[in-house]
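# Inside the fold
Listed below, chain by chain, are the residues.
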Amino acid sequence: MAKEAEDVGCSGLMVLPPYVYASDWYEMKRNVSTVIGATKLECMLYNNPVAYRTDFLPDEIAELAAEHPNLAAVKESSTDVRRVAAIREVLVDRLSVFVGVDDVIVEAISTGAVGWVAGLVNAYPAESVRLFQLARQGKQAEAFELYRWFLPLLRMDTVPKFVQLIKWVQEKAGLGFARVRAPRLELCGEELKAATAIFEKASAERPATNEKPFAQFAGA
């Protein structure tokens, strides 16, 4: 698939461990090295031990980076904000570190993360762009004011039913649909009631923003 992606014109790949098979570093290194080594495309390693039960430690990421010049970034989703600094400790600026968990974005940027693979951005693009910009600019007071409003929504990205929650919020925001593919089912009962309370409170207190994240696509 990596070779085919390059052949059809993709510009990069996100490389994940197998979903259903957790293994040791020896096997996992062989697995991801085979994928990364099969293409000249720039690759982003996806580290999500909470979901996939495979944890790429900073020293292991450094091994991969040393052997694969096209490994360009890591999506760090361990939920441990200390990992950003730990990765940069061993790699300095060899890789770009992206945040993959919504509710640590401000803290992670303060320790050197340069990007955000976000979930709630699908429903709140303007607020997400603004929060990211404020954090990058070091405007802590303004960033926290927006963060404080946003956090209950951002935490929807950190629970087992994050797909259902994000898609449901997208539909409520008029930017998508709540439909999900089996075995996932749409929210119902107490989960839906709790999500509705968060969404309604956020909607009532939504701050104004002048960001227009889709402006570059106007008229396309």
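Residue positions within a chain follow its written sequence, with the count starting from 1. Given that the model is predicted, a residue must reach a pLDDT of at least 70 before its local features are reported, and side-chain atom pairs must reach 80 or more before they are shown or counted; all residues, however, enter totals for whole chains, interfaces and linings. Think of the side-chain values as coming from all heavy atoms in the structure, minus any hydrogens and water.

## Overview of the overall build of the protein
Quick note on the threshold: In this text, helices come from DSSP runs of H or I with a minimum length of four residues, and strands from runs of E with a minimum of two, each type numbered from the N-terminal end. As defined in this context, the radius of gyration uses C-alpha atoms, and a globule is described by 2.2 Å times the residue total to the power 0.38. The cut-offs for exposure are 20% and 50% of the maximum accessible area for each residue type, with area from a 1.4 Å probe on protein chains only; residues under the lower value are buried, those over the upper are exposed, and the others partly exposed. Should any heavy atoms of two residues lie within 4.5 Å, those residues are counted as being in contact. Note on areas: these come from Shrake-Rupley sampling with a 1.4 Å probe, and a residue is covered only by the protein chains present in the view.
Assigned secondary structure in the protein consists of 10 helices and 5 strands. In terms of overall dimensions, the protein is globule-like: its C-alpha atoms have a radius of gyration of 19 Å, near the 17 Å expected for 220 residues. Counting only C-alpha atoms, the protein reaches 50 × 40 × 40 Å along its principal axes. Out of the 220 residues belonging to the protein, those deemed buried represent 41%. In the protein, 63% of the contacts between residues at least 6 apart in sequence involve partners at least 24 apart. Surface accessibility of the protein: about 12,500 Å² in total, with carbon and sulfur atoms responsible for 55%.

## Focus on helix H10 (residues 189-204)
Applicable threshold: Helix span, expected: 1.5 Å multiplied by one less than the number of residues in the helix. This arc is taken over the directions from the axis of the helix to the C-beta atoms.
The terminal C-alpha atoms of H10, which comprises 16 residues, lie 23 Å apart, in line with the 22 Å expected from a rise of 1.5 Å per residue. Of the residues making up H10, those classed as buried are Ala 195, Phe 199 and Ala 202. In an axial view of H10, the angular spread of the buried residues amounts to 60 degrees, which keeps them on one side of the axis. Pointing more than 90 degrees away from the buried face of H10 are the exposed residues Gly 189, Glu 190, Lys 193, Glu 200 and Ala 204. The elements touched by buried residues of H10 are helix H8 (140-154) and helix H9 (162-172).

## Here's the deal with empty space enclosed by the protein
Formally: Site definitions follow a grid-based scheme: protein atoms alone, a 1 Å grid, a 1.4 Å probe that fits but cannot get out for cavities, and for pockets an open set with protein on both sides within 12 Å along at least five of seven lines, plus lining residues having an atom within 4 Å of a point. Grid points are joined across faces, edges and corners, and a volume is the space filled by probe spheres set on the points. Under the grouping applied here, Gly and all other residues not named as nonpolar or charged are polar, the nonpolar ones being Ala, Val, Leu, Ile, Met, Phe, Trp, Tyr, Cys and Pro and the charged ones Asp, Glu, Lys and Arg.
Evaluation of the coordinates by the stated rule reveals 1 cavity of 30 Å³ or more. Here the largest cavity defines a volume of roughly 70 Å³. Taken together, 13 residues make up the lining of the largest cavity; nearest its centre are Glu 76, Asp 80, Val 81, Val 84 and Val 104. When the residues that make up the lining of the largest cavity are grouped by side-chain class, the tally is 7 nonpolar, 4 polar and 2 charged.

## Some details on the confidence of the model for the protein
Our working definition: The predictor reports its confidence for every residue as pLDDT, a score running from 0 up to 100.
Here the protein shows a mean pLDDT of 93. Residues at 70 or above account for 95%. pLDDT under 50 marks residues 215-220. Its contacts with residues more than four places away, or in other chains, come to 0 contacts.

## Structural notes on the layout of surface pockets
Its boundaries defined by the atoms lining it, the largest pocket holds a volume of some 590 Å³. What lines the largest pocket is a set of 23 residues, and nearest its centre among them are Tyr 46, Asn 48, Ala 51, Asp 157 and Phe 162. When its residues are assigned to classes, the lining of the largest pocket shows 14 nonpolar, 6 polar and 3 charged.

## So, the side chain of Lys 75
The criterion, for reference: Counted as positive: Lys and Arg. Counted as negative: Asp and Glu. His and the chain ends are not counted at all. Salt bridges are defined by distance alone: a side-chain nitrogen of Lys or Arg within 4 Å of a carboxyl oxygen of Asp or Glu. Polar contact criterion, stated in full: a pair of N or O atoms within 3.5 Å, where within protein one must be able to donate a hydrogen and the other to accept it, and residues adjacent in sequence count only if both atoms are side-chain atoms.
With respect to the helices and strands, Lys 75 occurs in strand S3 (residues 71-76). One buried charged residue, Lys 75, forms no salt bridge at all, with the nearest opposite charge on Asp 157 at 7.4 Å. A distance of 3.4 Å separates polar atoms of two side chains, one belonging to Lys 75 and the other to Tyr 46. When near neighbours in sequence (up to four residues on either side) are disregarded, Lys 75 contacts Met 14, Met 44, Leu 45, Tyr 46, Asn 47, Phe 98, Gly 100 and Val 117.

## Quick notes on the side chain of Thr 54
Within the secondary structure, Thr 54 sits in the loop between helix H3 (49-52) and helix H4 (58-67). Take Thr 54: its relative accessible area is 4%, and that puts it in the buried class. Setting aside residues up to four positions removed in sequence, Thr 54 forms contacts with Pro 17, Tyr 21, Ala 22, Ser 23, Met 28, Asn 47, Asn 48 and Pro 49.

## Observations concerning the sheet that holds strand S5 (residues 115-116)
This is how it is decided: Here, any two strands with at least 2 DSSP bridges between them count as paired. Axes, fitted as lines to C-alpha atoms, cover a helix only where it is in contact. Angles between the N-to-C directions of the axes lie from 0 to 180 degrees.
With parallel pairing, the 5 strands of this open sheet are ordered in space as S1-S2-S3-S4-S5. The open sheet is flanked by strand S1 (12-15) and S5, the only strands paired with a single partner. Relative to S5, strand S4 (residues 96-99) runs parallel, the two sharing 2 bridges. Each residue of the ladder has a partner; that of Phe 98, found in S5, is Gly 115. Here H4 sits on the sheet and contacts strand S2 (42-47) and S3; the angle it forms with S3, its principal contact strand, is near 160 degrees.

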